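Listed below are the residues making up each chain.
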Amino acid sequence: MDDQTNESFRPGSNAWLKQQAQLITQQLTDEGWSLHPLPPPAPRALARQFWSQAWMKNLARSETYGFRLSPGRTLLRCGCVLDLQIATGKISGIVCDERSYEVSISILPVDSDQLDRLRILCLGHVSSWIDLLSGHLNPELLLALCQPESGILPSPQDWKMQCNCDDWADLCRHSAALLYGVGVLLDQSPELLFTLRGITPDSLLPKADSLPLPSSTPSLPTDKLSSLFGIDLSSPQ
């Protein structure tokens, strides 16, 4: 029994990571750090609401160096994202494994030309900011808003990641854990995605007479859109 217990707490195991998270949290708190921990992720799916699901799907496109996404998910599930803060153009936080690491991720805000295109897309199709935050929109518009190159979600080339670990990759496991943490946070606070991209209700939903009418969007079957984007668009999230 003791051998099994020792094995389960070997460095890098889930039990060891959870213990490390508790120990390092206490250490940082004793040192005077003001931490902003994540709400507990769902037991199975990390994301349940529309924008958090879209963020997770978009994140899967970002890995270019090895396999850091899976270790990042493990760190997240073990409570190793000790601090996470989102501001316009920046994600920052602390992620731990054998020790704590400070992570900073810069993301380019939506530029003025792209914001104009987004406003035209939304004009006449979005009745309220609440509908936009909840994803209660027609599937064609949601698909357009979720395109990394032209929509609200950032594309991988928009990100600049910094971590004081020794991983040479742009996306280390600590950065991946922090990005997954953003998806968990968006499940409860989807407005933080718009804060991150520098988008406010007034900037995205102006008065109808301030922009030209949008051109009609070709209609695609909902099941086709769901297949293309990887999210069930047949019913509101």
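All chains use their own residue numbering, which begins from 1 and follows the written sequence. Owing to the predicted nature of the model, reporting of local features is limited to residues with pLDDT of at least 70; listing and counting of side-chain atom pairs is limited to 80 or more, with chain, interface and lining totals taken over all residues. Only hydrogens and water are removed before side-chain values are computed, so all heavy atoms of the structure are retained for them.

(A) Representation of the sheet that holds strand S2 (residues 90-96) within the structure. Spatial ordering of the open sheet is given by S1-S2-S3-S4, a layout of four strands whose pairing is antiparallel. At either end of the open sheet lies a strand with only one pairing partner, and these are strand S1 (81-87) and strand S4 (159-163). Shown here is a sheet whose adjacent strand axes are inclined to one another by a mean of 10°, direction ignored. For two strands to be treated as a pair, DSSP must find at least two bridges joining them. Strands are runs of DSSP state E lasting at least 2 residues, helices are runs of H or I lasting at least 4, and numbering of each runs from the N terminus. In this structure, S2 lies alongside strand S3 (residues 100-107), joined through seven bridges in antiparallel fashion. Along S3, the bridge assignment pairs Val95 with Tyr101. In this analysis an axis means a line fitted to C-alpha atoms, helices contributing only their contacting stretch, and an angle means the value between N-to-C directions, from 0 to 180 degrees.

(B) Structural context of the pairing of S2. The rule is simple: take the accessible area with a 1.4 Å probe, protein chains only, and divide by the maximum for that residue type; under 20% is buried, over 50% is exposed, in between is partly exposed. Burial analysis of S2 places five of its seven residues in the buried class, which makes it a mostly covered element. Where S1 and S2 come together, six bridges link them in antiparallel fashion. Bridged to Asp83 within S2 is Ile94. In this antiparallel pair of consecutive strands, S1 and S2, the connection spans two residues, and Gly89 shows a positive phi of 80°.

(C) How the structure looks around the environment of Gln114. Note that Gln114 resides in helix H5 (residues 112-122). Placed 38 residues apart in sequence, Gln114 and Ile152 show a C-alpha to C-alpha distance of 9.1 Å. Any two residues whose heavy atoms approach within 4.5 Å are treated as being in contact. Residues in contact with Gln114, not counting those within four places in the same chain, are Glu149, Ser150 and Gly151. At 2.5 Å, the side chain of Gln114 forms a polar contact with the backbone oxygen of Gly151. For this analysis, a polar contact is any N or O atom pair within 3.5 Å, provided that within protein one partner can donate a hydrogen and the other can accept it, and provided that sequence-adjacent residues contribute only side-chain to side-chain pairs.

(D) The nonpolar core, seen in detail. By size, the foremost hydrophobic cluster in this structure holds 64 residues, and its most contacted members are Trp51, Trp55, Ile91 and Phe194. Sequence-distant contacts of Trp55, that is, excluding residues within four places in its chain, are made with Ile91, Ile107, Leu153, Pro154, Leu179, Val182, Gly183, Leu186, Leu193 and Leu196. Working definition of a nonpolar core: buried Ala, Val, Leu, Ile, Met, Phe, Trp, Tyr and Cys residues. They are joined through side-chain atoms within 4.5 Å.

(E) Region of interest: the packing of aromatic side chains. We call Phe, Tyr and Trp rings a pair once their centres come within 6.5 Å, taking the six-membered ring for Trp, and we label the pair stacked below 30 degrees between planes, edge-to-face above 60, and tilted otherwise. Under the definition given, this model contains four aromatic pairs. Aromatic pair Phe50 and Trp51: ring centres 5.1 Å apart, planes at 80°, arrangement edge-to-face. Ring geometry for Trp51 against Phe194: centres 5.6 Å apart, planes inclined by 85°, an arrangement best described as edge-to-face. One end of the pair, Trp51, is in helix H3 (residues 50-59); the other, Phe194, is in helix H9 (residues 191-196), with 143 residues separating them in the sequence. Chaining the aromatic ring pairs together yields one cluster made of Phe50, Trp51, Trp129 and Phe194. Put simply, a charge is over a ring when the Lys NZ or the Arg CZ is close to the ring centre, within 6 Å, and near the line of the ring normal, within 35 degrees. When the ring centre of Trp168 is taken as reference, the NZ or CZ atom of Arg68 above it lies at 5.2 Å.

(F) Summary view of helix H8 (residues 173-188). Given a rise of 1.5 Å per residue, 16 residues ought to cover 22 Å, and the 24 Å separating the end C-alpha atoms of H8 matches this to within 8%. Burial of H8 is extensive: 14 of the 16 residues sit out of reach of the surface. One less than the residue count of a helix, multiplied by 1.5 Å, gives the span that helix is expected to have.

(G) Fine view of the state of the cysteines. A pair of sulfur atoms, both from cysteines and within 2.5 Å, is called a disulfide here. Under the criterion given, the structure shown has zero disulfides. Cysteine Cys78 remains unbridged, with the sulfur of Cys80 as its closest cysteine sulfur at 5.6 Å. The class of Cys78 is buried, set by a relative accessible area of 6%. The thiol sulfur of Cys96 is not disulfide-bonded, and the nearest other cysteine sulfur, from Cys80, lies at 4.0 Å.

(H) Main features of the pattern of salt bridges. Salt bridges are counted wherever a side-chain nitrogen of Lys or Arg sits within 4 Å of a carboxyl oxygen of Asp or Glu. On inspection of all chains with the given rule, the structure shows five salt bridges. Arg119 is the salt-bridge partner of Asp116, the closest N and O atoms lying 2.0 Å from each other. With a gap of three residues between them, Asp116 and Arg119 both fall in helix H5, about one helical turn apart. Here the salt bridges share partners, and the residues they tie into one network are Asp97, Glu98 and Arg173.

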